[in-house]
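An overview of the molecular structure
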Amino acid sequence: MRLRPPSDAAHVPPGVPMAAEGKFFRQQGRKISLRGVCYGPFRRNSHGEPFPEDARLRADFDQIRQMGFDSVRLYEPPSDFLLSEAVRTGLNLIVGIAWTDHVDFLGQRSLVRQAHRAVRDAACRLGGHPAVAAFLVGNEIDKNLARWMGPERVRRFLEKLIETGRAAAPDRLFSYATYPSTEYLVPRNADFLAINVFLEKRAEFAAYLARLQVLAGNKPLVISEFGLDAPRPSAGQLEETFAWFEAECRHASVAGTLWFAYTDEWHRGGRDVTEWSFGLVDRNRRPKMPVPPRASGQGNRSPAFISVIVCTYNGSATLAACLESLEKLNHSAYEVLLVDDGSTEDIGRIALAFPQVRYLRQDHAGLSAARNLGMEEARGELLAYTDDDCIAEEDWLCHVAAGFDDEAWAACGGPNIPPRPRNATEAVVAAAPGSPTHVMLNDVEAEHLPGCNLVIRKASLKAIGGFRTHYHTAGDDVDVCWRLREAGGRLRFIPGAMVWHHRRRTLRAYLRQQRGYGHAEALLMKDHPERFTCRGGARWQGAIYEDPPSSLPLDGRIFHGPQGTGLFQGIYGQQGRQLPAWANGLPWIALFLIALPALGWRSTMPFLALFLLASWVSWHHLPAAPHALSVFQQLQLLLLNWLQPIVRGWARWSGILRFGLRPECQPAAPPSARHARPPRFWTLCRSWQVYWNEDHLGREPLLSALKDRLCRESGLNLWTDDGWQPFDLAWGRFPAFRTTVLTLTEHHGDGRSLTRVKLSLQCRPWLAVAAGGLAVLSGFLWKPGPGILAALLLLGRSWQTSKCHHAALAAGLAPCPNKAPRANASRPRR
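Now for a description of the structure that goes with this document. (Residues numbered from 1 in each chain as written. Predicted model: local features only at pLDDT ≥ 70, side-chain atom pairs only at ≥ 80, totals over all residues. Heavy atoms only, no water.)

Focus: a nonpolar patch on the surface
Together, Leu 774, Ile 788, Leu 789, Leu 792 and Leu 795 make up a nonpolar patch on the protein surface, roughly 460 Å² of accessible area in all. For the nonpolar patch, the element with the most residues is helix 22 (residues 785-810), which contributes 4 residues. Positionally, Leu 789 belongs in helix 22. Since its relative accessible area comes to 34%, Leu 789 is described here as partly exposed. (Patch = residues over 30% accessible without salt bridge, like charges linked within 9 Å, V, L, I, M, F, W, Y side chains within 5 Å. Areas by Shrake-Rupley, 256 points an atom, 1.4 Å probe, with all protein chains shown as cover. Salt bridge = Lys/Arg side-chain N within 4 Å of Asp/Glu carboxyl O. Helix = DSSP H or I, 4+ residues; strand = E, 2+ residues; numbered from the N terminus. Buried < 20%, exposed > 50% of the residue type's maximum accessible area, 1.4 Å probe, protein only.)

See the structure below:
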């Protein structure tokens, strides 16, 4: 195999639209990376534009280009002069779109319309300009504001903003710049994950990058702001931090970096900010440090020799593209082995077109036997397994080779991402469940890595006896990963080590694949009975990777911190309910077959009800498709979501019965800790209150006064938010009935603040059902009954509301007669 030196991604030339493909950006098929600075926000110039005067701006862009940067992030849409200067200097613009995002915008329709109008106008005006590379439809919505409005509602709103912008500028990329306190606000339709991070310790930043890559899923990760969160860092501290920042981002396969900020000149909230000086140049544009040139390559280490092993059985349709991609890998020492597992197609003829590929053939014995043959014939110390329907990204081996920096890692692997579909059916299959994916124990270590992107130390694989040959088509990778871990090895996930993996081209082929997976699960249960549940499903200790990763999964909850004060607010696992697993699969069919002999024709109704339940569960759990789907394709996807667990479960249980297996009911090792789900409450009624203050007072003194007032009442149970609850305070005399309060303070400048209070009367579901039944019954027995019950409920709400009102007055807050004063004009934010 010819030796090629490793190469880094090129800078971004302006004018040609940038595309997000997998974990990286590409332009005209060439892999690129962003290296830029944040520019602004500034005081308005003599033209009324939020940028420096023209002469200063021209000199700034010349200096930015000379410092080695190719991109500039703006916090408001650019002026015509700025656009012309960006074209002249070859700088690409990441355009932020400002709107009123520091108040309860979802509570005011005018602000919702304003945001959509701002995005639409910016996209229409700038979408075709050669200097504009991407848009950011928002920036750092406050954590307490997101908690108040509801994270799910805010995420849907951001997704609608992206849809509005994409409709006006379909050739440009769109995202939203989140930050660690709201890392769960990741629009599922964003083209890349953009996040502002300020961490001054290298180890913490490196660990957080691994988490961010998991949040990004199969999309590029862009650090849209990074700098020193210190008022006046020294030049040495600035230079040291900049160097390790770029090194860690390069090591973590970050697709773009934007340093905050280019200059110390900074304007926010109607005034110049002078107490912070963390730019690369001072206010007079004098450099504080020499900016190092863009680093390239993977370092000076002697690269390990890697044997790439491709096993095929009648895979001629995609094999040539696979081998062609392997010829273009940017690794300096590797070989390619093609193992033909007794194909009836002429695989040898395809191999002849690639003289540097070693062609091996065996009688048809199955995938595991072919992989073992590749292991025996390989000359490398690392064995990189991939499939004949995969296309390797050019830096695939560079990334995995760097992952074996510790002897504890027995295997490494990365994401396998579906490329652009070859036909309409493949687009549906790419969004259907059951694709090969990895299982993560944490942000770095995996419990399972799919065999289509699996690199193993040859010594470690030989030590466990290689692949077990009774796995003919699937399951061999799961078995190997489990046995490697049992032998003391660890599996590492490398986000940048990606391969493109074609999904099945027809629905029949997809269902046949799922049937094979079900059969393989029965074989796995035979070898590892302790790793399966009583229902026959695999019991994983880690989390099954999904793309796009749901920002608010059904089995997870957001840790906001006590009363929403957490700095890093993430999603944590939780003990989930089992209804979806039972409804969407074989159980409802089994119930129908059991009921049929006993009920006869009347079983039609239970069958229909269970069918509708399974269909609803399938529809409710439809993943966001990686490509836009038509209505007919969405119906096909719904059908596959309904059929997949049935086909796979049928094959699994057929194998279980055939082998006479019985899964264990206890796991081999305790699963990773999950947060217990709190008891469910239903809201009966709500009330809202609004208070104003011009002396820097907000929600904190109100909550303190309310808590003191409640503590003085005897016999009252008081609960405070432990970080997991959707309230700040809750109280009640009975466990099944409570009153909750959620607060929010909006800051309107110069010490003025608006505090919102939401009070809710809640009860347990069984009590609500009982109360509803009592209301209906009382309506039959005595007509005024329901009205009296409603009046009692309203009276209780008024009584509890008065407690909040007196606490607010005691805290120095004044009632706001207008409920919601008009918000200030949109403001740029860092």
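From this point, the narrative continues.
A word on the sheet that holds strand 18 (residues 390-392)
The 3 strands are arranged 18-25-20 in an open sheet whose pairing can be described as mixed. Bordering the open sheet on either side are strand 18 and strand 20 (416-417), each of which pairs with just one other strand. Pairing geometry for strand 20 and strand 25 (residues 499-501), over 2 bridges, is parallel. Note that in strand 25 the partner of Ile 417 across the bridge is Trp 500. (Pairing = 2+ DSSP bridges.)

Here's the deal with the sheet that holds strand 30 (residues 717-720)
Within the open sheet, the 6 strands sit side by side as 30-31-32-33-29-34. Their pairing is antiparallel. Looking at the sheet topology across the chains shown, the edges are occupied by strand 30 and strand 34 (814-815). Bridge count for strand 29 (residues 682-693) against strand 34 is 2 bridges, and the pairing is antiparallel. Residue pairing in the sheet places Tyr 691 in a bridge with Pro 815 of strand 34. Together, strand 29, strand 30, strand 31 (729-734), strand 32 (737-747) and strand 33 (753-763) form the strand contacts of helix 20 (residues 699-711), whose direction differs from that of strand 32 by roughly 155°. (Contact = heavy atoms within 4.5 Å. Axes fitted to C-alpha atoms, helices over the stretch in contact; angles between N-to-C directions.)

A short note on the packing of helix 6 (residues 202-216) against helix 7 (residues 235-251)
Relative orientation of the contacting elements helix 6 and helix 7 amounts to 25°, with a least axis distance of 10 Å. As summarised for this structure, helix 6 and helix 7 are arranged roughly parallel, according to the angle between their axes. Crossing geometry of helix 6 relative to helix 7 is assigned as right-handed. Counted together, Arg 202, Phe 205, Ala 206 and Leu 209 of helix 6 and Trp 244, Phe 245, Ala 247, Glu 248 and Cys 249 of helix 7 form the full contact between these two elements. Residue composition of the contact of helix 6 with helix 7, grouped by class: 7 nonpolar, no polar and 2 charged. (Parallel < 35°, antiparallel > 145°, perpendicular 65-115°, else oblique. Left-handed = near helix turned anticlockwise from the far one by under 90°. Nonpolar A, V, L, I, M, F, W, Y, C, P; charged D, E, K, R; others polar.)

Quick look at the pattern of salt bridges
Applying the stated rule across the entire model yields 52 salt bridges. A salt bridge links Arg 147 to Asp 728; the shortest N-O distance between them is 2.8 Å. Separated by 581 residues along the polypeptide, Arg 147 in helix 4 (residues 143-149) and Asp 728 in the loop between strand 30 and strand 31 bring together distant segments of the chain. Side by side, Arg 147 and Asp 728 carry an identical accessibility label, which is buried. A salt bridge links Lys 288 to Asp 264; the shortest N-O distance between them is 2.7 Å. One end of the pair, Lys 288, is in the loop between strand 13 (271-272) and strand 14 (306-312); the other, Asp 264, is in the loop between strand 11 (256-259) and strand 12 (267-268), with 24 residues separating them in the sequence. Residue classification places Lys 288 among the partly exposed positions, given a relative accessible area of 25%. Judged by relative accessible area, which is 6%, Asp 264 ranks as buried. Salt bridges sharing common partners tie together Glu 21, Arg 26, Lys 31, Glu 393, Glu 394 and Asp 395.

Remarks on the nonpolar core
Within the largest apolar cluster, 79 residues are counted, with the highest numbers of intra-cluster contacts made by Tyr 39, Ile 223 and Leu 280. The dominant element in this core, judged by the number of residues it contributes, is helix 3 (residues 109-126), at 6 residues. In terms of nonpolar packing, the next biggest core, distinct from the first, is built from 33 residues, Val 308, Leu 319, Leu 382 and Ile 494 among them. (Core = buried A, V, L, I, M, F, W, Y, C linked by side-chain atoms within 4.5 Å.)

A look at helix 8 (residues 316-327)
For helix 8, with 12 residues, the first-to-last C-alpha span of 17 Å sits near the 16 Å given by 1.5 Å per residue. When we look at burial in helix 8, the residues that qualify are Thr 318, Leu 319, Cys 322, Leu 323, Ser 325, Leu 326 and Glu 327. (Expected span 1.5 Å × (residues − 1).)

A closer look at the environment of Ala 790
Locating Ala 790 in the fold gives a position in helix 22. The partly exposed category is assigned to Ala 790, whose relative accessible area is 39%.

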